[in-house]
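This is what each chain is made of:
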Amino acid sequence: MFRIPRSNPWPPVLDLETVRETLHYIHDDMTRVPRLERVASALETALVEIEAAERNAKPPVIGPLAARFLPRRY
């Protein structure tokens, strides 16, 4: 059984890209089975939600003009 340690509470660290890729493979398999259309539809909804979460979780891209140079320490 999986337990979340008390020293590191929620939210757990998740790699959404890996979850998305795994669900995509499962979704493709479910679309090939005639009686599992509803499962494929639910997985498609989950994939859309994961993509939305990824868009919201990524920090903005900072270009080279935002760089700060610090004085050299000897």
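Refer to the structure presented above.
Residues numbered from 1 in each chain as written. Predicted model: local features only at pLDDT ≥ 70, side-chain atom pairs only at ≥ 80, totals over all residues. Heavy atoms only, no water.

*Asks:* Please clarify how the nonpolar core should be interpreted in this entry.
*Replies:* One finds Leu23, Met30, Ala40, Leu43, Leu47 and Ile50 forming the largest nonpolar core, which totals six residues. Counting only elements with at least two residues in this core, the list comes to helix H1 (16-31) and helix H2 (37-57). Tallying contributions element by element places H2 first for this core, with four residues. Sequence-distant contacts of Ile50, defined by excluding residues within four places in its chain, comprise Leu16, Val19, Arg20 and Leu23. (Core = buried A, V, L, I, M, F, W, Y, C linked by side-chain atoms within 4.5 Å. Buried < 20%, exposed > 50% of the residue type's maximum accessible area, 1.4 Å probe, protein only. Helix = DSSP H or I, 4+ residues; strand = E, 2+ residues; numbered from the N terminus. Contact = heavy atoms within 4.5 Å.)

*Asks:* I'm lost on the side chain of Glu54 in this one. Help?
*Replies:* Tracing the sequence through the fold places Glu54 in helix H2. Accessibility expressed as a relative area gives 13% for Glu54, which makes it buried. Every residue in contact with Glu54, bar those within four places of it in the chain, is listed here: Leu16, Glu17 and Arg20.

*Asks:* Just checking my understanding: could you explain the packing of H1 against H2 for this structure?
*Replies:* For any two helices packed against each other, the geometry comes down to the angle between their axes and how far apart the axes lie. In the contact formed by H1 and H2, the axes pass within 9 Å of each other and the chain directions differ by 160°. In terms of their interaxial angle, H1 and H2 are classed as roughly antiparallel. In the packing of H1 onto H2, the handedness of the crossing is left-handed. In this structure, H1 uses Leu16, Glu17, Val19, Arg20, Leu23, His24, Ile26, His27, Met30 and Thr31 to contact H2, whose residues at the interface are Val39, Ala40, Leu43, Glu44, Ala46, Leu47, Ile50, Glu51, Ala53 and Glu54. For the contact of H1 with H2, the residue count by class is twelve nonpolar, three polar and five charged. (Axes fitted to C-alpha atoms, helices over the stretch in contact; angles between N-to-C directions. Parallel < 35°, antiparallel > 145°, perpendicular 65-115°, else oblique. Left-handed = near helix turned anticlockwise from the far one by under 90°. Nonpolar A, V, L, I, M, F, W, Y, C, P; charged D, E, K, R; others polar.)

*Asks:* Just to check I follow, could you spell out the pattern of salt bridges for this structure?
*Replies:* Note on pairing: side chains with opposite charge can pair once their charged atoms come close. Inspection of the entire model under this criterion finds two salt bridges. When the shortest N-O distance is used, the salt bridge between Arg20 and Glu54 registers 3.0 Å. Of the two residues, Arg20 is situated in helix H1 and Glu54 in helix H2; the sequence distance between them amounts to 34 residues. Notably, a salt bridge pairs Arg32 with Asp29, separated by 2.9 Å at the nearest N-O pair. (Salt bridge = Lys/Arg side-chain N within 4 Å of Asp/Glu carboxyl O.)

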